[in-house]
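Coordinate analysis (summary)
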Amino acid sequence: DIPFSEALAATSGNAKPKFDSQEQVYDGLISLLDEGLAMIDENSSQHPGTDDFFFGGDMHLWKKFANTIKLKVFLRQAYIRPAIAEAGVKALYTASAEFLDYGEDVMQPFNTEQFNRNPLFATYESLTADNLVASNTTINFLQETQDPRIDVFFTRATAAPNEGNHAGIDQGNGANLTGNQDPDSYSKPGPAVGGPVTADEPNGGAAAPVVFMSAAESYFLQAEAVARGWGTGNAQQLYDDGVLLSFLHWDLSEAAYGAYIAQAAIKYPTGGTFEAQLEKIITQKWVSFCGTENLEGWNEWRRTGYPNIYTVSTTTSIGNIFPVRILYADSEVSRNPNTPAQKTVKDKIWWDANTTGQN
């Protein structure tokens, strides 16, 4: 639960907004999106221009962005309010809603100037590049599936014993590394996703954009809608195109995509169960999020349980489970008496139905 309906009421004297339920927030998001869509007049000259970092004033793309967010909001509720989710998705298709497509990734640009650099890169510059290295969860998956995106997402180690190779650590194991191990003997995020300076990239990831929503995500959302029987189209084609759009986003060739998608472990299970199809869709969506939309990867795992490959951190202090929520900030708890009782990181939020072994 968060402040929503009264969240912007401070100027009218309400500095202690009430907390709306998660259901009310989701319904409110749909209402705001519909309100925004109704305001758009593509024939009007009253619209942003170059000051619109996302679309340069193209209001048709803003419509497609809003529709894609609506699709995401409804699908997020697929397990907790299936009737509302189904009706919402079907209404989008009945209205012939358009969604984000190739070349329409929603991104915030950055550059190499101080204070205008990619936030992850800026964090590296202030905290040193030793504090964030690759996890074996991701490295192993990308290697096992022969995924060429690994060279985009991660650098290769530059020090022994892993020099020249991709290498990760078990999740949370950084504090347990023994001896005089060099952090450069492990992979780090690549410059394309905001990683630190490398020998080939003297500016590192300073100018890497931050992705709000990718065209690949749009296609994976559509693939799920069709697989559930709520949308129209070909789920396999949408899935394949989602993977292709991720490859093209990183300037990888269609030939590389063709070799990747042809693998039995990657092919869409056309004749399989819905769960088998959903697992493929969400897993490839998770891969496409690597380094750009990490929080969404966590959200989708909590919503669907996929990909089912995670291992609990070796330095966990909460037992053999995963964190499933972010806590209320101390500033909120101390300043707003309407703040609900504090939860723990083990308490699921409203739409989280599939994180197995939790609670």
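Residues numbered from 1 in each chain as written. Predicted model: local features only at pLDDT ≥ 70, side-chain atom pairs only at ≥ 80, totals over all residues. Heavy atoms only, no water.

1. Considerations on the side chain of glutamate 296
What counts is decided by this rule: Here a helix means four or more residues in a row that DSSP labels H or I, a strand means two or more in a row labelled E, and each is numbered from the N terminus. We call a residue buried when its accessible area falls under 20% of the maximum for its residue type, exposed when it is over 50%, and partly exposed in between, using a 1.4 Å probe and counting protein chains only. Definition of a polar contact: a pair of N or O atoms within 3.5 Å, with one able to donate and the other able to accept a hydrogen when the atoms are protein atoms, and with sequence-neighbouring residues admitted only if both atoms are side-chain atoms.
Counting through the fold element by element, glutamate 296 comes out in helix 11 (residues 294-304). You can call glutamate 296 buried: its relative accessible area is 15%. A polar contact is formed between the side chain of glutamate 296 and the side chain of lysine 72, at a distance of 3.1 Å.

2. As for the pattern of salt bridges
Applicable threshold: One side-chain nitrogen of Lys or Arg within 4 Å of one carboxyl oxygen of Asp or Glu is enough to make a salt bridge.
Across all of its chains, the model carries 17 salt bridges by this definition. Between aspartate 147 and arginine 149 there is a salt bridge, with its nearest N and O atoms 2.8 Å apart. Per residue, the accessibility class of aspartate 147 equals that of arginine 149, and both read buried. One salt bridge connects arginine 156 with aspartate 151, and the closest N-O pair in it is separated by 3.3 Å. Judged by relative accessible area, which is 43%, aspartate 151 ranks as partly exposed. Several salt bridges share partner residues, and in doing so they unite Lys72, Arg76, Glu217, Glu224, Arg228, Lys285, Glu296, Glu300 and Arg303 into one network.

3. A closer look at the environment of glycine 258
Positionally, glycine 258 belongs in helix 9 (residues 254-261). When its relative accessible area of 30% is taken as the criterion, glycine 258 is described as partly exposed. For glycine 258 and tyrosine 93, which are 165 residues apart along the polypeptide, the C-alpha to C-alpha distance reads 30 Å.

None of the figures reported here should be taken as evidence of function without further support.
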